[in-house]
Amino acid sequence: TSKDYKTSTVHDNKLRKTQQQRSQTWALIWMINPMTINICTRGSADSIANYVVLRMIQLTKTDQIVSAGFLLGLAIHLRLYPIIFLPAFFLHLSTPSTSSTSSLSK
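Describe the environment of Ile57, with residues and values.
If you trace the backbone, Ile57 turns up in helix α3 (residues 46-61). Judged by its relative accessible area of 33%, Ile57 falls in the partly exposed class. On a C-alpha basis, the gap between Ile57 and Phe85 in space is 9.3 Å, while along the polypeptide they are 28 residues apart.

Run through the nonpolar core, naming residues and quoting values.
Within the largest apolar cluster, 9 residues are counted, these being Val52, Val53, Met56, Leu59, Ala68, Leu71, Leu72, Ala75 and Phe89. Counting residues per element, the ones that place at least two in this core are α3 and α4 (65-78).

Could you give me a rundown of α3, with the residues and numbers involved?
For α3, which comprises 16 residues, the first-to-last C-alpha distance of 23 Å matches the rise-based estimate of 22 Å (1.5 Å per residue) to within 8%. Looking at α3, one finds that the buried residues are Ala49, Val52, Val53, Met56, Leu59 and Thr60. Seen from one end, α3 has its buried residues packed into an arc of 125 degrees, which puts them on one side. Within α3, the exposed residues directed more than 90 degrees away from the buried face are Ser47, Tyr51, Leu54 and Lys61. Next to the buried residues of α3 lie α4 and α5 (86-94). Just downstream of α3 lies Asp63, where phi reads positive at about 60 degrees.

Tell me what's going on with the packing of α4 against α5, and back it up with residues and numbers.
Across the interface, α4 lies against α5 with an axial gap of 12 Å and an inter-helix angle of 170 degrees. The angle between the axes of α4 and α5 places the two elements in the roughly antiparallel class. Along its contact with α4, which presents Ile65, Ala68, Gly69, Leu72 and Ile76, the element α5 presents Leu86, Phe89, His92 and Leu93.

Outline the packing of α3 against α4, listing residues and values.
With their axes 8 Å apart at the nearest point, α3 and α4 run at an angle of 160 degrees to one another. The angle between the axes of α3 and α4 places the two elements in the roughly antiparallel class. Regarding α3 and α4, the two cross each other, and that crossing is left-handed. Residue-level contacts link Ile48, Ala49, Val52, Val53, Arg55, Met56, Leu59 and Thr60 of α3 to Ile65, Ser67, Ala68, Leu71, Leu72, Leu74, Ala75 and Leu78 of α4. Looking at the contact of α3 with α4 residue by residue, the class counts come to 13 nonpolar, 2 polar and 1 charged.

Reading the values: rules and limits
- Residues numbered from 1 in each chain as written.
- Predicted model: local features only at pLDDT ≥ 70, side-chain atom pairs only at ≥ 80, totals over all residues.
- Heavy atoms only, no water.
- Helix = DSSP H or I, 4+ residues; strand = E, 2+ residues; numbered from the N terminus.
- Buried < 20%, exposed > 50% of the residue type's maximum accessible area, 1.4 Å probe, protein only.
- Core = buried A, V, L, I, M, F, W, Y, C linked by side-chain atoms within 4.5 Å.
- Expected span 1.5 Å × (residues − 1).
- Arc of directions from axis to C-beta.
- Contact = heavy atoms within 4.5 Å.
- Axes fitted to C-alpha atoms, helices over the stretch in contact; angles between N-to-C directions.
- Parallel < 35°, antiparallel > 145°, perpendicular 65-115°, else oblique.
- Left-handed = near helix turned anticlockwise from the far one by under 90°.
- Nonpolar A, V, L, I, M, F, W, Y, C, P; charged D, E, K, R; others polar.

Spatial relationships are all this shows, so hold off on functional conclusions.
What follows is the structure, given as structure tokens:
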């Protein structure tokens, strides 16, 4: 039984070493991934793009369309996802303005 114990221990050690080598290999592959390197070296600008999008929405609600359009263009330049706001922005442009002065006249 001691011989079985020794062979199982040796087998377990070899298995552990191969698993550790495999883990280290995948970690090295992940470290040289270009996307990972890009994010780590220059950081993520999502917070800036999110701020620009929120400011664009605020300007749109206050009918400052030119400034809002400029910020929408800037947001799309920073990140591509704000392009999904284009239909809503154009829809807002096509509807009659509901400014605070028309609300007061009622």
